[in-house]
Amino acid sequence: MPSSFQPTRRQALAAGFGSVLLPSALSAQAPAQRPSEIKIGVTTFLSGAPSVFGVPGRNAAEMLAEEINQSGGINGVPVRLFFVDEAPGIDHLVGEFRRLVQNERVDVMLASISSGSCLACTPLGEELRKVTLLWDCGTQRIFEERNYRYAFRTQANATPEILAPLLYLLKTKPDFRTIAVLNQDYAWGRDSWEIWKTAMDALKPGVRVVAELFPRFGATDFSAEVTRLLALRPDVILSTSWGGELDTFIRQAAERRLFERSTFVLPLAESSLERVGRSLPAGHIVGSRGDHWHQHPRPANPQALQRFVENYRRRYNAYPIYPTYHMAQAFSALRAAYAKAIAANGGNWPSDAQLAAAFPGLEFESPTSRMRIREDGQGLEPQLIGTTVHNDRFPFAVMDNMVVFPPEMVTTPAGQNSVNWLKTLTAEMVNRVPDPIRAG
């Protein structure tokens, strides 16, 4: 998920970023024996406002683990899940991460929703030599600032998640001249605005920014911001906010008819659509942090998507939102990596290092597409962007005129810094945006 905060020096030391002596069991890889179960640690938000993402992620993990075990496990070995709540903070998180690896002897860690969590857990997983799959966090910094042997991301990062809706806006409503931003005041809100503005300045120079609004993280009242936006009347209002705060902003903006004055671009709003109902009007741009949408117009395997959606709805009485798809991708990648590593090891169970070696270049299925992990550990994930419409099938806004952006088009090339790469983009890129697809 979007980044929250960076670990302090004290938190970094608690995470074990400095020079430490590894336990002997971790410092030398002994020949691996086939385990009686595969232990998987999962860090996610189980409490607090971000739990609107974290709990669906946990729900998906439990559903998928049950399905895996009912089908005979991963290469015949059942899986067992261990959950950690990210809400208490970095110190708690890294302590639990270390406990799961050293005491519970988990085989794999799945981390995290907050990018602050990922920035703490990824180096710790590397130091403990434990495969760590970044299943939901958004920060692009992980693989741009350091190389890892044991960390891999099974989804996209912030750059394609923000660049794709900007390209969609430029393709569908290119004549806008003014923009305002309302983002949560923490790292994700600031970083995602930097990505957007850097790309916008390269692709459409001269757009005037009339307001940069950053209400505090956790805010519940946006009346002052709505009043200002009503007075400014920008052509476009961008908000990369998420969770309960985005829900509240949408409702308060709708009550005062702000949606009638400006075009909204909401890159993370797919997860809010069902919760806010008809409060979100037609005609606004929505993203899904990937190509995650229960009404995907062209899924790679329609039957697989239908099965995933129906199983989740049957179990939890709600449509799956993007954290559930991200969790499904992590499990799919893990199964594919085990199969690849076992085959490379002559049919024998892989060590941690052998399992890690299976991820670079790995291809695996998601509920909507076929994905690949690059050699640098970054996942390549399509991005689906659409415009809201209302119809009789759903009691909430859905997407139409959807564009599915290929990951290679919107993802920073390996070995490059995202902000520096975005500065090199040209307006010609808009001409390569795929044609929109109408909803079925």
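See above for the structure.
Here goes a summary of the coordinates provided. These figures come from a predicted structure and were not determined experimentally.

How each quantity is defined
Residues numbered from 1 in each chain as written. Predicted model: local features only at pLDDT ≥ 70, side-chain atom pairs only at ≥ 80, totals over all residues. Heavy atoms only, no water. Disulfide = S-S within 2.5 Å. Phe/Tyr/Trp six-rings, centres within 6.5 Å; stacked < 30°, edge-to-face > 60°. Buried < 20%, exposed > 50% of the residue type's maximum accessible area, 1.4 Å probe, protein only. Lys NZ or Arg CZ within 6 Å of the ring centre and 35° of its normal. Helix = DSSP H or I, 4+ residues; strand = E, 2+ residues; numbered from the N terminus. Pairing = 2+ DSSP bridges.

### Some remarks on the state of the cysteines
Part 1 of the reasoning: Using the criterion set out here, one finds 1 disulfide in the structure.
Part 2 of the reasoning: Left unpaired, C121 is separated from the closest cysteine sulfur, that of C118, by 6.8 Å.

### Quick word on the packing of aromatic side chains
Part 1 of the reasoning: Applying the stated criterion across every chain, the model contains 15 aromatic pairs.
Part 2 of the reasoning: Seen in terms of ring centroids, F143 and Y148 are 6.1 Å apart; in terms of plane orientation they differ by 90°. Their pairing is edge-to-face. In this structure, F143 and Y148 share a single accessibility class: buried.
Part 3 of the reasoning: Connected via pairs of aromatic rings, a cluster forms that spans F53, Y186, F217, W242 and Y322.
Part 4 of the reasoning: Positioned above the aromatic ring of F214, the side-chain terminus of R190 is 3.7 Å from the ring centre.
Part 5 of the reasoning: Lying over the aromatic face of F176, K204 brings its terminal NZ or CZ to 5.4 Å of the ring centre.

### Side note on the pairing of strand β12 (residues 370–373)
Part 1 of the reasoning: The side-chain alternation of β12 yields one buried face, formed by M371 and I373, and one unburied face, formed by R370 and R372.
Part 2 of the reasoning: The pairing of strand β11 (residues 363–365) with β12 spans 3 bridges and is classified as antiparallel. Each residue of the ladder has a partner; that of F364, found in β12, is M371.
Part 3 of the reasoning: Hairpin connection between β11 and β12: a loop of 4 residues separates the two successive antiparallel strands.
Part 4 of the reasoning: Examined bridge by bridge, β12 and strand β13 (residues 379–380) share 2 bridges and lie antiparallel to one another. Counterpart to I373 in the pairing with β13 is G379.
Part 5 of the reasoning: Taking the residues that link successive antiparallel strands as the turn, the β12-β13 hairpin has 5 residues, and the phi of G377 there is positive, at about 95°.

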